[in-house]
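# Architecture at a glance
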Amino acid sequence: MYTDVVDLRDFYETSLGQTACRMLRRRIRTIWPSLEGTSLVGIGYAGPYLRPYLGEAERVVSLMPAAQGVLHWPKEGPNVAALVDETDLPFQDSSIDRLLLVHALECAEQVRAMLDEVWRVLAGAGRVLVVVPNRRGIWAQLDRTPFGAGHPYTPGQLSRLLRDAAFTPVVSSAALYMPPTRSRMVLSSAGAWEGVGSRWFTTVAGVLLIEATKQIYAKARPAAEKRRQLAYRPAGAPV
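Just so it is clear, the model here is predicted, and its values are computed rather than measured.

## Describing the overall build of the protein chain
- The helix and strand tally for the protein chain stands at 7 helices and 8 strands.
- Relative to the compact-globule value of 18 Å for 239 residues, the protein chain shows a C-alpha radius of gyration of 17 Å, a close match.
- Expressed as lengths along the three principal axes of its C-alpha atoms, the size of the protein chain is roughly 55 × 45 × 35 Å.
- Within the protein chain, the proportion of its 239 residues that are buried is 50%.
- Intrachain contacts of the protein chain at a sequence separation of at least 6 include 71% that bridge at least 24 residues.
- Of the charged side chains in the protein chain, 28 are positive and 22 negative; the average position of the first set lies 5 Å away from that of the second.

Given below as structure tokens:
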């Protein structure tokens, strides 16, 4: 079940949410150091992690599932967020260079259908980056943050899920080694937690990241059929 979009927004406005976002952004930027000239789409609640690429990628779009809700994003500019059915994305086949899934896969009721759509719209040379809670991490055990919602994964489970959906995992990483607390002392030392954790305690990270490519010839293409013509509702203007 998806976390409500208002609860997600409120979490990322807290000191804990901002610190978690900063640590996770660093890991994403390590995997995707530059997206200049590419099309980038986020699915779930990916806005906080798409923001660094707004002035870099050729096109940035944030898609928020209907069961989660949608908010205007970004606050300071024209809206590029829309409410969608995650099993029927509003893009042509093989049209997107990069797809980022955050607060999405672990909450989806139709995981395989979502991944099938990601496969469909991803370009042949494109990459998808999936971010999910780590089943072995403390963040998945506590419901005080959005990373405690939905279905957490182990690295092996996530890798098998992607392979079964005709993706090839190419990069695995992890983040959020600090405990999910609002303690100022812990938050101020978040960088140190990340450094020590990534070296010595990789199995207990709060979040897993796997980048994958599309297996072009591994998946039989279904017979051509007319897709439904859906109207997608953009987020309303901020109040």
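## Comments concerning the side chain of Glu86
- One can find Glu86 in the loop between strand 3 (81-84) and strand 4 (96-102).
- What makes Glu86 buried here is its relative accessible area of 12%.
- A distance of 3.2 Å separates polar atoms of two side chains, one belonging to Glu86 and the other to Tyr2.
- Setting aside residues up to four positions removed in sequence, Glu86 forms contacts with Tyr2, Pro65, Met114 and Glu117.

## Focus on the nonpolar core
- Formed by 38 residues in total, the largest nonpolar core has its most connected members in Leu24, Tyr49, Leu100, Phe147 and Leu209.
- Listing elements by their share of this core, those giving two or more residues are helix 1 (5-12), helix 2 (15-31), helix 3 (47-50), strand 2 (59-65), strand 4, strand 5 (122-133), helix 6 (184-188) and strand 7 (207-214).
- The element contributing the most residues to this core is helix 2, with 7 residues.
- Setting aside residues up to four positions removed in sequence, Leu24 forms contacts with Tyr49, Val131, Phe147, Ala175, Val207 and Leu209.
- The next biggest cluster of nonpolar side chains, apart from the first, holds 36 residues, and it includes Phe91, Ala104, Cys107 and Val118.

## Here's the deal with helix 7 (residues 190-200)
- Restricting attention to buried positions, one finds in helix 7 the residues Ala190, Glu194 and Gly197. Down the axis of helix 7, the smallest arc covering the buried residues is 75°, so these residues share one side. For helix 7, the exposed residues lying more than 90 degrees away from the buried face are Arg199 and Trp200.
- At its buried positions, helix 7 is contacted by helix 2, strand 6 (167-175) and helix 6.

## What to know about the packing of aromatic side chains
- Across all of its chains, the model carries 4 aromatic pairs by this definition.
- Between Phe11 and Tyr12 the ring centres are 5.0 Å apart and the planes differ by 75°, which places this aromatic pair in the edge-to-face class. Accessibility assignment for this pair places Phe11 and Tyr12 in one class, buried.
- An aromatic cluster is built from Phe11, Tyr12, Tyr45 and Tyr49, whose rings are joined through pairwise contacts.
- Cation over ring: Lys214 sits above Trp119, and NZ or CZ is 4.3 Å from the ring centre.

Each value, and the rule that gives it
- Every chain's residues receive numbers from 1 upward, in the order its sequence appears when written.
- Given that the model is predicted, a residue must reach a pLDDT of at least 70 before its local features are reported, and side-chain atom pairs must reach 80 or more before they are shown or counted; all residues, however, enter totals for whole chains, interfaces and linings.
- Heavy atoms from the whole structure form the basis of all side-chain values; hydrogens and water molecules are not counted.
- Runs of E in the DSSP output that reach at least two residues are strands. Runs of H or I that reach at least four are helices, and both are numbered from the N terminus.
- Note that the radius of gyration is over C-alpha atoms, with the globule rule given as 2.2 Å times the number of residues to the power 0.38.
- Partly exposed describes any residue whose relative accessible area lies between the buried limit of under 20% and the exposed limit of over 50%, with all areas from a 1.4 Å probe on protein chains only and scaled to the type maximum.
- Here, two residues are considered to be in contact whenever any of their heavy atoms come within 4.5 Å of each other.
- His is not counted, nor are the chain ends; Lys and Arg add positive charge and Asp and Glu add negative charge.
- Here the site of a charge means NZ on Lys, CZ on Arg, CG on Asp, or CD on Glu.
- Whenever two N or O atoms come within 3.5 Å, that pair is a polar contact, provided that in protein one can donate a hydrogen and the other can accept it, and provided that, for residues adjacent in sequence, both atoms are side-chain atoms.
- Only buried residues count toward a nonpolar core, which is a set of Ala, Val, Leu, Ile, Met, Phe, Trp, Tyr and Cys residues joined through side-chain atoms within 4.5 Å.
- Think of the arc as the fan of directions from the helix axis to the C-beta atoms.
- Put simply, two rings from Phe, Tyr or Trp (the six-membered ring, in Trp's case) pair if the centres are within 6.5 Å, and we call them stacked under 30 degrees between planes, edge-to-face over 60, tilted for the rest.
- Working rule: Lys NZ or Arg CZ, within 6 Å of ring centre, within 35 degrees of ring normal, means a charge sits over the ring.

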